Amino acid sequence: MLSEKNIAIVGGGPGGLTLARLLQMKGAQVKVYERDFSQAARVQGAIVDLHFDSGLKAMEATGLMEAFKANYMKGADKYRLLDPQGNMLMDESQRDEEPVFGDEHFRPEIDRGALRDLLIDGLLPGTVVWDSQLIGLREIEDKWELKFENGMTAAADLVIGSDGYRSKVRPYLTDLKALYSGAAIIQGEIDHPEVACPEMYELVNQGNLMAMGDGATLVVQPRGDGGFTFYAASMYPENWGISSGIDFGNPIEVSGYLKKHFANWNPVFFMLFEASEHFTWRPLNYFPLSIRWAYKSNLTLIGDAAHLMPPNGEGVNLAMLDALDLCACLTSGRHANLKEAISAYEDIMFERAAPLCMETIDGIKDFAAPTNESVKELVRSLSNTKS
Ligand SMILES: Cc1cc2nc3c(=O)[nH]c(=O)nc-3n(C[C@H](O)[C@H](O)[C@H](O)COP(=O)(O)OP(=O)(O)OC[C@H]3O[C@@H](n4cnc5c(N)ncnc54)[C@H](O)[C@@H]3O)c2cc1C
């Protein structure tokens with residue numbers, strides 16, 4: 001079905017790169033058009049954990065598992081959960097048994113940049129076309145012309161949008177826009193936490209630190225380059241990032257706001273705010289998945305471009321699983337033509353993502369604005385699951 005066909009994947013995130021690798025393993029002609037200027041552009045965000053039946057399953061299928069094992073961050077999957085006063089509620093760093101690959105509960109963490117690099121290394125040279133920010137598509141008969149911001153164009157028989165939550169491919173399938181979940185994150189970056197906030201550095205202990213309660217959640221994660229990324233989540237009115245008047249480009253102003261917002265918390269957490277050199281305001285949006293778009297024979301979406309949802313630990317995993325399922329539908333020989341293959345993939349993708357998105361939206365307050373009682377309940381349920 002794919003012979004003599006040019007496939008354009010727009011966006012070289014985890015979904016797009018996994019798909020490119022899987023399709024190339026089947027002999028397909030693939031290009032990945034990525035807006036970053038080069039591979040050296042720093043990938044935003046900290047670590048991501050891959051799950052047994054999704055991200056790791058897709059990674060296994062790429063044949064790059066050995067490279068993954070050489071690059072994952074040992075021990076970074078261990079959680080510490082604190083209350084706002086800094087009391088330890090759970091501490092996985094004390095656990096006796098270490099999970100191993102093959103154990104369905106093992107969720108190894110990897111730096112996003114390392115994940116991107118190992119997926120790119122698995123592609124044929126020249127597959128990723130850098131500095132290619134898609135600005136629009138034009139359908140000419142049953143093919144596509146892709147137009148890029150740098151003035152270049154490209155032609156493709158099949159376009160797959162894996163260009164994330166602000167997808168420029170998505171409008172050619174649906175005009176459904178993202179909705180605001182009610183929660184937002186202020187993301188901070190600390191390049192040298194061992195010097196800038198040594199007490200927090202000790203507390204994070206190269207694992208995942210979460211502090212929850214009093215209407216807020218704080219997550220601190222190590223990055224592969226030794227830095228920290230942290231996320232401060234709460235419920236905010238829509239567009240609060242603008243209406244608050246806070247200049248998110250001014251670290252002193254943001255840090256001042258966060259210290260007031262977390263005024264009842266143990267001041268040990270303030271070190272994070274004071275040490276952050278860079279902040280980003282991230283409203284958490286989602287695509288409503290109850291309404292579907294009409295199938296096309298030459299266009300589809302994977303990952304966030306298809307089913308953006310607030311962070312629930314599944315986003316990268318779902319994007320990679322979409323890639324696995326789309327590749328299987330396109331290459332299994334079970335479908336009569338491209339439209340049937342794409343419709344089979346989209347059915348699987350929607351059936352998986354829609355309930356997960358709904359669950360995440362229903363539980364958004366438990367994540368972004370937990371009460372001290374709801375955190376105790378969470379600890380009780382986690383302890384019961386483990387025992
Ligand atoms: C704060 C936060 C924390 C998260 N934590 C986790 C986690 O722990 N685990 C997890 O599984 N998920 C997590 N997620 C979700 C996860 O980041 C996404 O679901 C995942 O990255 C989606 O992968 P993707 O390949 O679909 O898109 P993306 O990762 O968004 O990749 C899109 C790619 O397309 C490129 N691009 C964008 N526009 C264009 C264009 N016009 N032309 C060309 N290229 C373009 C981008 O540069 C990028 O490389 C988190 C999300 C947030 C916001």
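Residues numbered from 1 in each chain as written. Predicted model: local features only at pLDDT ≥ 70, side-chain atom pairs only at ≥ 80, totals over all residues. Heavy atoms only, no water.

**With respect to the sheet that holds strand 9 (residues 143-148)**
For clarity, the threshold we go by: The rule for pairing is simple: two strands pair if DSSP sees at least two bridges between them. Every helix listed is a DSSP run of H or I at least four residues long, and every strand listed is a run of E at least two residues long, numbered separately from the N terminus. Working convention: axes come from line fits to C-alpha atoms, limited for helices to the stretch in contact. Angles between N-to-C directions cover 0 to 180 degrees.
The three strands are arranged 8-9-10 in an open sheet whose pairing can be described as antiparallel. Because the sheet does not close on itself, it has two edges, and the strands there are strand 8 (134-140) and strand 10 (153-156). Pairwise comparison of adjacent strand axes, ignoring direction, gives a mean angle of 25° for this sheet. With six bridges joining them, strand 8 and strand 9 adopt antiparallel strand pairing. By the bridge assignment for strand 9, Leu 137 is matched with Leu 146.

**Some details on the packing of aromatic side chains**
Worth spelling out the cut-off: Two rings from Phe, Tyr or Trp (for Trp, the six-membered ring) form a pair when their centres sit within 6.5 Å of each other. Planes less than 30 degrees apart are called stacked, planes more than 60 degrees apart edge-to-face, and all others tilted. Burial classes follow relative accessibility: with a 1.4 Å probe on protein chains only, a residue under 20% of its type's maximum area counts as buried, one over 50% as exposed, and anything between as partly exposed.
The full count for this structure, using the stated rule, is 20 aromatic pairs. Residues Tyr 72 and Phe 101 carry aromatic rings whose centres are separated by 5.1 Å and whose planes lie at 90° to one another, so their mutual orientation is edge-to-face. Of the two residues, Tyr 72 is situated in the loop between helix 3 (65-71) and strand 4 (79-82) and Phe 101 in the loop between strand 5 (88-91) and strand 6 (109-111); the sequence distance between them amounts to 29 residues. Take Phe 101: its relative accessible area is 23%, and that puts it in the partly exposed class. Taking the centre distance of 4.7 Å and the plane angle of 80° together, the rings of Phe 262 and Trp 265 count as edge-to-face.

**Focus: the sheet that holds strand 1 (residues 6-10)**
Put simply, the rule reads: Whether two residues touch is decided by their heavy atoms; if any such pair falls within 4.5 Å, the residues are in contact.
Strand order across the open sheet formed by five strands is 7-2-1-11-17, with parallel pairing between neighbours. The strands lining the two open edges of the sheet, one partner per strand, are strand 7 (128-129) and strand 17 (299-301). In the packing of helix 1 (residues 14-25) onto the sheet, contacts are made with strand 1, strand 2 (29-33), strand 7 and strand 11 (158-161), and the angle to strand 2 comes to roughly 165°.

**What about the site of the ligand?**
Worth spelling out the cut-off: Whether a residue is near a molecule or strand is decided by its heavy atoms; if any one of them lies within 4 Å of it, the residue is near. Polar contact is defined as a pair of N or O atoms within 3.5 Å, subject to the rule that within protein one atom must be able to donate a hydrogen and the other to accept it, and that residues adjacent in sequence are counted only when both atoms are side-chain atoms.
Among the 31 residues in the neighbourhood of the ligand, the closest are listed as Glu 34, Arg 112, Leu 134, Asp 304 and Val 316. Glu 34 has a polar side-chain atom sitting 2.7 Å from an oxygen atom of the ligand. One of the backbone N or O atoms of Val 316 is found 2.9 Å from an oxygen atom in the ligand. Looking at the shell around the ligand, the elements with two or more residues in it are helix 1, strand 3 (47-49) and helix 11 (315-331). Considering each element in turn, the shell around the ligand owes the most residues, four residues, to helix 11.

**Observations concerning helix 4 (residues 112-121)**
Most of helix 4 is tucked away, with seven of its ten residues classed as buried. Buried within helix 4 we find Gly 113, Ala 114, Leu 115, Arg 116, Leu 118, Leu 119 and Ile 120. Of the residues that open helix 4, the one with a side-chain oxygen 2.9 Å from the backbone nitrogen of Gly 113 is Asp 111.

**A look at the packing of helix 2 (residues 55-62) against helix 11**
As a reminder of what qualifies: Relative orientations are named as follows: roughly parallel for angles under 35 degrees, roughly antiparallel for angles over 145 degrees, roughly perpendicular for angles from 65 to 115 degrees, and oblique for any other angle. The handedness criterion is simple: a crossing whose near helix is rotated anticlockwise from the far helix by less than a right angle is left-handed, and one whose near helix is rotated clockwise is right-handed. Three classes are used: nonpolar for Ala, Val, Leu, Ile, Met, Phe, Trp, Tyr, Cys and Pro, charged for Asp, Glu, Lys and Arg, and polar for all others, with Gly counted as polar.
Contact geometry of helix 2 with helix 11 gives a least axis separation of 8 Å together with a crossing angle of 45°. In terms of their interaxial angle, helix 2 and helix 11 are classed as oblique. Where helix 2 crosses over helix 11, the handedness of that crossing is left-handed. Within the contact between the two elements, helix 2 uses Gly 55, Lys 57, Ala 58, Met 59 and Ala 61 and helix 11 uses Asn 317, Met 320, Leu 321 and Leu 324. Taken together, the residues that form the contact of helix 2 with helix 11 break down as six nonpolar, two polar and one charged.

**Observations concerning unusual backbone geometry**
We note that Asp 131 has phi near 55°; this positive angle belongs to a residue other than glycine. With respect to the helices, strands and loops of the structure, Asp 131 is situated in the loop between strand 7 and strand 8. On the accessibility criterion, Asp 131 (30% relative accessible area) is partly exposed. In this model, Gln 206 sits at a positive phi of 60°, which is unusual for a non-glycine residue. Assignment of secondary structure puts Gln 206 in the loop between helix 6 (198-204) and strand 13 (208-213). Assessed through its relative accessible area of 37%, Gln 206 is described here as partly exposed.

**Observations concerning the packing of helix 1 against helix 4**
Here helix 1 crosses helix 4 at 20°, and the two axes come no closer than 9 Å. When the axis of helix 1 is compared with that of helix 4, the two are roughly parallel. As helix 1 packs across helix 4, the resulting crossing turns out to be left-handed. Seen from helix 1, the contacting residues are Pro 14, Leu 17 and Thr 18; seen from helix 4, they are Leu 115, Arg 116, Leu 119 and Ile 120. Residues belonging to the contact of helix 1 with helix 4 are distributed by class as follows: five nonpolar, one polar and one charged.

**Structural notes on the nonpolar core**
Cut-off, in case you're wondering: Note on terminology: a nonpolar core comprises buried Ala, Val, Leu, Ile, Met, Phe, Trp, Tyr and Cys residues joined through side-chain atoms within 4.5 Å.
If you look at the biggest cluster of nonpolar residues, it comprises 76 residues, and the most contacted ones within it are Leu 23, Met 59, Leu 146 and Val 159. The element that contributes the greatest number of residues to this core is helix 12 (residues 338-362), accounting for eleven residues. When residues no more than four places from it in sequence are discounted, the contact partners of Met 59 are Leu 50, Leu 64, Met 65, Phe 68, Leu 115, Leu 118, Leu 119 and Met 320. Judged by nonpolar contacts, the second largest core, of 33 residues, contains Phe 228, Phe 262, Ala 275 and Phe 279.

**Side note on the pattern of salt bridges**
When the charged atoms of two side chains lie near each other, side chains of opposite charge can form a pair. Filter applied, for reference: The term salt bridge refers to a side-chain nitrogen of Lys or Arg lying within 4 Å of a carboxyl oxygen of Asp or Glu.
Within this structure, the stated rule accounts for 14 salt bridges. Here Arg 116 and Asp 36 are joined by a salt bridge, their closest N and O atoms 2.9 Å apart. Note that Arg 116 is positioned in helix 4 and Asp 36 in the loop between strand 2 and strand 3, a separation of 80 residues in sequence. The closest approach of N and O atoms between Arg 380 and Glu 377, which form a salt bridge, is 3.0 Å. Here Arg 380 and its partner Glu 377 are both found in helix 14 (residues 372-386), three residues apart, which amounts to about one turn of the helix. Here Arg 380 falls in the partly exposed class, since its relative accessible area comes to 44%. For Glu 377, a relative accessible area of 43% translates into the label partly exposed.

Taken by themselves, the reported measurements are silent on function.
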